[in-house]
Structure formats: C-alpha cells, structure tokens
Amino acid sequence: MPTINDIARQLGVSKSTVSKAFNDADDISETLRKKILETAVAMGYKRNRIRKDAPKKLCILVTTMDYKNPAGFGHDLVTGFQQTAVLDGWDVEICRISDKEQTETSYDAFMLSHSYQGAFVLGFSLSDPWMEDFKTAGTPAVLHDNYIPNNPSAAYVGVNSEEGFDLAVSHLKQLGHTRIGYLGGDANSFIVRARCQAYLHAMERHGLTADQSLIGRSCFSFECTGMHLPRLLKNGVTAVLCEHDQLASAVLVHCMEAGIRVPEEVSVIGFDDTAFASCTIPPLTTIRQDQNALGRCGYYALTSLLNHTCISSLLLRAQLIKRHSTGPVPKAEL
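All values derive from a computational prediction rather than experimental measurement.

So, the sheet that holds strand E2 (residues 91–96)
Read from one edge to the other, the open sheet built from six strands follows the order E2-E1-E3-E4-E5-E11, with strand pairing classed as parallel. Both edges of this open sheet fall to E2 and strand E11 (313–316), since each of them pairs with a single strand only. The average angle at which neighbouring strand axes cross in this sheet is 20°, direction not considered. Two elements, strand E3 (residues 119–122) and strand E4 (residues 141–144), share three bridges in a ladder whose sense is parallel.

Dropping the structure here:
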C-alpha cells in the first residue's frame with residue numbers, strides 16, 4: 001500500500017504538504033489539495049495509514065431524501081444505521097451532498113479528505129455524478145435502492161420488489177381483478193425501473209396481460225395521477241399498483257374528487273407503508289418496507305465490505321399490509 005512519502009515523491013512536494021492536504025490545512029491552495037487527494041486515490045492510498053489512533057468514522061451520504069422529519073422516509077433509515085454503528089464504536093456523520101460538490105471532487109477523494117472509512121448512500125438518482133464514481137470506487141459504499149454491478153466495494157440494500165409486487169398482484173387476483181394498472185415515476189432511478197419491471201414480471205407470473213396501455217409514469221405524484229389515471233380507468237383498469245405510498249395517496253385524492261369510490265370501483269395499493277398510509281381515506285393497502293431494519297442492514301453490509309466480504313445485494317422480505325383500499329372487483333366486471 002502506498003505511503004505519504006510515495007504520494008509526496010509522485011507529486012514532487014513535501015510529506016508535510018501531503019499531510020496538510022489530508023487534514024484540510026488552510027495554508028495550501030484548494031487546487032493543490034485536490035490534486036494531492038486525487039493522486040492519493042489513484043495510487044490506492046488508504047486514510048487509516050495516517051493515524052492509527054484516529055476514531056472510526058463512517059458517513060451517511062444524502063442528496064434529497066428527508067431524514068430529519070420523523071414522518072419522512074429517510075428518518076428511520078438513518079436511525080437504524082446510526083444506532084447499530086454506534087454500538088460497535090463508530091462515529092457516524094450525516095453529509096448532505098449537492099451536485100456541485102459531487103462534480104468538484106470524486107467520491108473516494110471526499111471520503112479520504114474527511115477520514116471516512118465507508119458510506120451508507122441514500123437518495124441518489126442515476127444522474128447524480130457520483131453514481132459513475134461508485135462503479136470503480138475503492139472506498140466501501142452501501143447504496144439504498146441502487147445497484148452497482150461489478151464493484152466488490154459496493155453493495156445494494158433494499159426490499160425485494162419482485163416479491164412485493166407478486167404479493168400485491170396475487171392479492172388482487174384473488175379478489176377477481178385481472179385488469180391491473182401501474183403508476184410510477186420517471187426512469188431516472190434504479191428503483192423506479194426495478195419496480196416497474198417487478199410489476200410486469202408479477203403480471204406475467206400470474207397469467208395476466210400487462211402492456212403500456214396499463215402503465216403511467218411521470219415525475220410528480222399529482223401530475224402522474226392527473227395525466228394517467230383517467231386513461232387507465234378508461235382502458236378498463238379495476239385496480240392500480242403504485243410505485244410508492246405518496247403516489248397511491250394522490251390516487252386516493254383524485255378518486256375522491258372525481259367521485260370514484262375506493263375500493264368499490266377501483267382498488268389501490270401503495271409501496272413503503274409510510275407513517276401516513278394507515279391514515280388515508282380509506283386506509284391504504286401497501287407493501288411494507290421496514291426502514292429501521294433497512295438502516296441496520298445497511299450497516300451490516302458496510303461492515304462486511306470493510307472486512308473484505310464482497311456483498312452484492314441484501315434484500316429484505318416484502319410484506320403486504322392489507323387495509324381498506326382494496327376490495328373485490330366491481331360486479332359489472334365479473
């Protein structure tokens with residue numbers, strides 16, 4: 001493994017200059033600091049070679065996900081990770097990362113400059129600059145709802161979408177539904193794509209027809225509902241699977257405003273079992289994600305990577321929570 005001396009020789013600077021770059025000293029230029037960090041990353045330098053008595057540090061990298069609000073999806077993810085890591089003696093810091101920061105420095109260089117030994121990565125879309133970095137990164141990273149192929153330093157944690165949608169389609173089929181539609185977000189996300197595919201696979205496994213006439217996708221929940229739900233209903237859909245609970249809630253609101261009764265005229269299923277799912281009108285049938293357990297799994301996967309056990313994916317079992325937004329197919333459709 002390269003040393004500080006090796007990096008100094010490579011760049012033609014002093015050992016103390018390299019140390020200053022690693023420790024964010026203010027008496028070297030930002031340009032030189034970045035050059036030193038990027039060179040260290042390229043040479044395969046590991047931060048823990050600087051100070052063996054340094055505290056064990058992990059970080060949680062967040063883009064847009066809400067983790068401060070107890071009702072937000074990310075809150076329990078962060079809590080589950082932090083609580084488990086702290087018990088093992090780790091310091092955990094939460095870093096909200098902007099596109100600008102991702103563009104200005106690489107993931108490995110960022111981790112090196114802050115003495116982080118690994119990261120739990122939340123809320124990244126496929127267009128985020130660091131998604132390319134994760135493909136070759138040497139610093140362990142566990143991504144929630146994002147899969148990075150062919151990198152032994154990256155792992156994916158989430159809920160088994162294939163299993164979740166299979167449970168949902170099976171439930172609806174038992175209630176007599178055969179025309180089951182799907183509403184989701186745009187394709188700039190791994191999990192958005194994965195859930196749409198999971199819906200199509202579940203329909204196929206249960207011998208039901210699914211094509212583009214039964215699918216609607218758009219960036220924003222109410223936009224997606226307003227644009228696509230009337231078309232799905234016109235095409236004979238009697239039940240709608242939604243990519244997430246917020247979208248399912250928008251469907252319920254649209255139906256209420258349009259005088260469409262749920263579940264008497266159309267059944268609705270969400271995904272996540274967020275805090276408000278049991279409080280919608282009617283209470284929402286949904287596929288549960290245990291966010292606290294996902295956070296704990298993120299930590300277990302990360303420590304496995306740190307111990308050179310190459311985990312690809314760690315998926316929790318899906319669970320269908322049956323409430324009152326699903327019911328038998330309308331009699332006219334029987």
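Past the structure itself, the notes keep going.
Some words on the packing of helix H1 (residues 4–11) against helix H3 (residues 30–42)
Relative orientation and spacing of two packed helices are given, respectively, by the angle between their axes and the distance between those axes. Direction vectors running N to C along H1 and H3 enclose 120°, while the axes themselves pass 10 Å from each other. In terms of their interaxial angle, H1 and H3 are classed as oblique. Of the two possible hands of crossing, H1 and H3 adopt the one that is right-handed. Counting all contacts with H1, which are made through Ile-7, Gln-10 and Leu-11, the residues of H3 involved are Lys-35, Ile-36, Thr-39 and Ala-40. Of the residues assigned to the contact of H1 with H3, the class counts are four nonpolar, two polar and one charged.

Here's the deal with the side chain of Asn-146
Mapped onto the fold, Asn-146 is located in the loop between E4 and strand E5 (154–159). Residue Asn-146 is classed as buried on the basis of its relative accessible area of 2%. A polar contact is formed between the side chain of Asn-146 and the backbone oxygen of Phe-124, at a distance of 2.8 Å. Not counting residues within four places of it along the chain, the set of residues in contact with Asn-146 comprises Phe-124, Leu-126, Met-131, Ala-155, Tyr-156 and Phe-190.

Some details on the sheet that holds strand E10 (residues 285–288)
Spatial ordering of the open sheet is given by E7-E6-E8-E9-E10-E12, a layout of six strands whose pairing is mixed. Edge positions in the sheet fall to strand E7 (215–217) and strand E12 (319–321), since each of these pairs with one other strand and no more. For this sheet, the mean inter-axis angle between neighbouring strands, taken without regard to orientation, is 20°. Against the sheet, helix H11 (residues 245–258) contacts strand E6 (180–184), strand E8 (239–242), strand E9 (267–272) and E10, and its axis sits at roughly 155° relative to E9.

A closer look at helix H10 (residues 221–234)
Across its 14 residues, H10 extends 19 Å between first and last C-alpha, which sits within 8% of the 20 Å expected from 1.5 Å per residue. Where H10 bends most, the angle comes to about 35°, and this point is His-228, followed within four residues by the proline Pro-230. For H10, every residue scored as buried is listed here: Ser-221, Cys-224, Thr-225, His-228, Leu-229 and Leu-232. Residues of H10 that are buried make contact with E6, E7, E8 and H11. With its phi angle positive at about 90°, Gly-236 sits one or two positions after the end of H10.

Structural notes on the packing of helix H2 (residues 15–22) against H3
For the pair H2 and H3, the least separation of the axes is 9 Å and the interaxial angle reads 95°. Between H2 and H3, the angle falls in the class roughly perpendicular. For the pair H2 and H3, contact is made by Thr-17, Val-18, Ala-21 and Phe-22 and by Leu-32, Arg-33, Ile-36, Leu-37 and Ala-40, respectively. Of the residues that constitute the contact of H2 with H3, the class distribution is seven nonpolar, one polar and one charged.

Remarks on the environment of Asn-23
Within the fold, Asn-23 resides in the loop between H2 and H3. Sequence separation between Asn-23 and Tyr-147 is 124 residues; the distance between their C-alpha atoms is 32 Å.

Overview of the nonpolar core
Phe-81, Ile-180, Tyr-199 and Leu-241 are the most contacted members of the largest nonpolar core, which has 64 residues in total. Per-element tally for this core: the top contributor is helix H12 (residues 291–306), with seven residues. Apart from residues no more than four positions distant in its own chain, Ile-180 is found in contact with Val-169, Leu-172, Tyr-199, Met-203, Leu-208, Leu-214, Ala-239 and Leu-241. Grouped together as the second largest cluster of nonpolar side chains are 19 residues, Cys-59, Leu-61, Ile-97 and Tyr-116 included.

Re unusual backbone geometry
Here the bond from Val-262 into Pro-263 is cis, since omega is 10°, no more than 30 degrees from zero. A cis amide bond links Ile-281 with the next residue in sequence, Pro-282, at an omega value of -10°. Tracing the sequence through the fold places Pro-282 in the loop between E9 and E10. For Ser-115, which is not a glycine, the phi torsion comes out positive at approximately 65°. You can see Ser-115 is positioned in the loop between helix H6 (107–113) and E3. For Asp-273, which is not glycine, the phi torsion reads 55° and is therefore positive.

A word on the pattern of salt bridges
Should the charged atoms of two oppositely charged side chains come close, the side chains can pair. Overall, the coordinates contain 13 salt bridges when judged by the stated rule. Glu-163 is paired through a salt bridge with Arg-317; the nearest N and O atoms lie 2.6 Å apart. Placement of the pair is Glu-163 in helix H8 (residues 161–174) and Arg-317 in the loop between E11 and E12, with a sequence separation of 154 residues.

Rules of the game
- Residues numbered from 1 in each chain as written.
- Predicted model: local features only at pLDDT ≥ 70, side-chain atom pairs only at ≥ 80, totals over all residues.
- Heavy atoms only, no water.
- Pairing = 2+ DSSP bridges.
- Helix = DSSP H or I, 4+ residues; strand = E, 2+ residues; numbered from the N terminus.
- Axes fitted to C-alpha atoms, helices over the stretch in contact; angles between N-to-C directions.
- Parallel < 35°, antiparallel > 145°, perpendicular 65-115°, else oblique.
- Left-handed = near helix turned anticlockwise from the far one by under 90°.
- Contact = heavy atoms within 4.5 Å.
- Nonpolar A, V, L, I, M, F, W, Y, C, P; charged D, E, K, R; others polar.
- Buried < 20%, exposed > 50% of the residue type's maximum accessible area, 1.4 Å probe, protein only.
- Polar contact = N/O pair within 3.5 Å; in protein donor to acceptor, adjacent residues only side chain to side chain.
- Expected span 1.5 Å × (residues − 1).
- Bend = angle between axes of the 7 residues up to and from the residue.
- Core = buried A, V, L, I, M, F, W, Y, C linked by side-chain atoms within 4.5 Å.
- Salt bridge = Lys/Arg side-chain N within 4 Å of Asp/Glu carboxyl O.

Fair warning: the whole summary comes from geometry, so function is off the table for now.
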